[in-house]
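Residue-level structure breakdown
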Amino acid sequence: MAAEFEPRIVAFLCKWCSSAGADLAGVSRMEYPPNVIPIQVMCSGSVSPLYVFSALSHGADGVLVSGCHPGDCHYIKGNYYARRRLALVKKLLEYIGLEPQRFQMSWVSATEGVKFSQLIYDLVKELKPLGPQTKFRRNY
Amino acid sequence: MVSLDQLKEEVKKALSSGKVKYFIGYENIGSGWQVRPAFIRQPEDVDRLVWTPACFHNLVRFLHDEKRRRAREKNPDIRPVGLVVKGCDSRSINVLLQEKYIERNDVYIIGVSCELTGVINITKLNQHLNGLKPQKVLFGSKGTFKVIVDDREIEIEAPDILADRCLECPANFPVIADVILGEEIKRNPGNRYQSISAYEKMALDERWSFWQQQFSRCLRCYACRSVCPMCYCDECVADSIAYAVTAETTADEKAQKTRWVERNPELSENIFYHLVRAIHLAGRCVDCGECERVCPVEIPLRLLNKKMEKEAKELFGYEVGFDPAQPPLIACFRDNDPQDFIR
Ligand code: SF4
Ligand code: SF4
């Protein structure tokens, strides 16, 4: 029997909130699926649309961008810029025909270890039935 | 009606008074009806100028060349360049001003109103004429085009052969100009996002198969980038051979450059290029339609641009190209920007 499909999720986590939230989940020994590849960035506002496209083209089955809640950004406004820019990216990807589940954004604060682990459970659950992402994948 | 004599007069005035360095307008190609950009340097050359429904080129793009030329020259002539602009073209000047790529006095603008018509789409014209060869294509009276075929005059209703962008144009007269020719008559654009509504309604997989087919045909000739008044970067992230290299660039620096997109026109790279192109033009594209017009394989680029234009308007209330003083779309935000998609 073939092994069950395990999606690979590339997660861009901001250093000040979401990364710390993921860390908290870790040090608190909360369990969550190992499908996520965390990449720490300085701010969600530093996530260029190129990062997202690049992750998809390198074969990510899902991409997550996570930052501080509005009002809590370490750089005051970074997450507001991210919200606007990535809303456009999401609309564009879906317009081209990418499943909406494959690109997600979240606000996770440094104290929300529980939220982070639950989020990863949910993402994995949503991505599994979609199978591997082959649309944007580089395959030569 | 825009009077050609008046246009020539204005250009002559600007040139002979030394107000402008040179003037860019349109001229006929040979004795035919098609036109090309004309660079007018002497007042006596103004008779080359024409203004016809085939003047679809957006001349604002030439300001990039001028800016580069100035940067190269030791003692550049900093007088403004004169341009003939339509409504859409004028909005692209506003975006360049907004991004501080140019200053207002770098350009002397003669705006022409499209009144009840606009520019034509050659494919539509040919279909309409059903094999007949036009000799002249002119503006008619009251929202029609006058086409001369076999020395006969045919009157065509504007919407039958208007370019798609004109049918969805939000303002068919110049929004910034030093001189405006013609009347400010607003043509009703109807639904400004008509062209994309069918694609938005498609099922996800249908959309994917449509775009997959389109993108797989792209040759990556970058004609769409060359012609765009907004694509002025010296380096293009979507093109690994366009890195700016000077005598000081070391081999190491060249090797370290991130290559986001590979050069080969494979589907995955083409998609990447087009995603980047669309997102980098979001809130900047004025829908002058030039990219789609020049594409040798007829990829419907306007459908991407228009989608971004619509989302900017609907999500953020942002209109492109009307106000040179407003901050660019992604360089600003509102506290209540929508975030229902964020978990
Ligand atoms: S979309 Fe058309 S114009 Fe642009 S690079 Fe591809 S083939 Fe060339
Ligand atoms: S993307 Fe196309 S329609 Fe938009 S400004 Fe550039 S050339 Fe014009």
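Note: the structure precedes this text.
We now turn to the structure provided with this report. (Residues numbered from 1 in each chain as written. Chains lettered and ligands numbered in written order. Predicted model: local features only at pLDDT ≥ 70, side-chain atom pairs only at ≥ 80, totals over all residues. Heavy atoms only, no water.)

**Things to note about the overall build of chain A**
- Each helix and strand counted, chain A has four helices and four strands in total.
- When the elements of chain A are put in sequence order from the N terminus, they spell out β-α-β-α-β-α-β-α.
- Taken against the 2.2 N^0.38 rule, which gives 14 Å for 140 residues, the C-alpha radius of gyration of chain A at 15 Å falls within 12% of a compact globule.
- Each principal axis of the C-alpha distribution contributes one length, and for chain A these read about 45 × 35 × 20 Å.
- Burial status across chain A gives 57% buried among its 140 residues.
- Residue pairs in contact within chain A that sit at least 24 positions apart in sequence constitute 82% of those at least 6 positions apart.
- In the structure as shown, chain A presents an accessible area of about 5900 Å², 56% of it carried by carbon and sulfur atoms.
- Each charge class in chain A was averaged separately, 16 positive and 11 negative side chains, and the resulting centres sit 9 Å apart. (Helix = DSSP H or I, 4+ residues; strand = E, 2+ residues; numbered from the N terminus. Rg over C-alpha atoms; globule rule 2.2 N^0.38 Å. Buried < 20%, exposed > 50% of the residue type's maximum accessible area, 1.4 Å probe, protein only. Contact = heavy atoms within 4.5 Å. Areas by Shrake-Rupley, 256 points an atom, 1.4 Å probe, with all protein chains shown as cover. Lys, Arg positive; Asp, Glu negative; His and termini not counted. Charge placed at Lys NZ, Arg CZ, Asp CG, Glu CD.)

**Quick notes on the state of the cysteines**
Residues and elements named next belong to chain A.
- Counted under the stated rule, the structure contains one disulfide over all chains.
- The disulfide partner of Cys-17 is Cys-68, and the S-S distance across this bridge is 2.3 Å. In this structure, the disulfide formed by Cys-17 and Cys-68 twists by about 100° around the S-S bond and is classed as right-handed. You can see Cys-17 sitting in the loop between strand E1 (9-14) and helix H1 (18-27) and its partner Cys-68 sitting in the loop between strand E3 (62-67) and helix H3 (78-96), a full 51 residues away along the chain. (Disulfide = S-S within 2.5 Å.)

**Description of the site of ligand 1**
- Every residue near ligand 1 is listed here: Cys-218, Leu-219, Arg-220, Cys-221, Tyr-222, Ala-223, Cys-224, His-274, Cys-295, Pro-296, Val-297 and Ile-299 of chain B.
- In terms of residue class, the shell around ligand 1 is built from 10 nonpolar, one polar and one charged. (Near = heavy atom within 4 Å. Nonpolar A, V, L, I, M, F, W, Y, C, P; charged D, E, K, R; others polar.)

**Points about empty space enclosed by the protein**
All names here are of chain B.
- Applying the stated rule across the entire model yields five cavities of 30 Å³ or more.
- One number sums up the size of the largest cavity: a volume of about 120 Å³.
- Of all the secondary-structure elements, those providing two or more residues to the lining of the largest cavity are helix H3 (87-98) and helix H6 (164-167).
- At three residues, H3 tops the list of elements feeding residues into the lining of the largest cavity.
- Partitioning the lining of the largest cavity into residue classes produces eight nonpolar, two polar and five charged. (1 Å grid on protein atoms, 1.4 Å probe; cavity = no way out; pocket = protein on both sides within 12 Å on 5 of 7 lines; lining within 4 Å. Points joined across faces, edges and corners; volume = space filled by probe spheres on them.)

**Some words on the interface of chain B and chain A**
- Listed per partner, the contact involves 46 residues of chain B and 41 residues of chain A.
- Interface area, chain B with chain A, both sides summed: about 4100 Å², of which 69% is carbon and sulfur.
- Counting the contacts that link chain B with chain A gives four salt bridges.
- When the shortest N-O distance is used, the salt bridge between Glu-126 of chain A and Arg-343 of chain B registers 2.7 Å.
- Seen at the junction of chain B and chain A, the total is 16 residue pairs in polar contact (both at pLDDT 80 or more).
- Counting residues per element, the ones that place at least two in the side of chain B that touches chain A are helix H7 (194-201), helix H8 (204-216), helix H11 (267-280) and helix H13 (301-316) of chain B.
- For the side of chain B that touches chain A, the residue count by class is 30 nonpolar, four polar and 12 charged. (Buried area = accessible area lost by both parts, 1.4 Å probe. Salt bridge = Lys/Arg side-chain N within 4 Å of Asp/Glu carboxyl O. Polar contact = N/O pair within 3.5 Å; in protein donor to acceptor, adjacent residues only side chain to side chain.)

**Details of the layout of surface pockets**
- In this model, the largest pocket occupies a volume close to 680 Å³.
- Taken together, 33 residues make up the lining of the largest pocket; nearest its centre are Met-230, Cys-231, Cys-233, His-280 and Arg-284 of chain B.
- If you list the elements that add at least two residues to the lining of the largest pocket, you get helix H2 (49-57) and H3 of chain A together with helix H2 (62-72), helix H9 (223-227) and H11 of chain B.
- Ranked by residues supplied to the lining of the largest pocket, first place goes to H11 of chain B with five residues.
- Split into classes, the residues belonging to the lining of the largest pocket amount to 20 nonpolar, four polar and nine charged.

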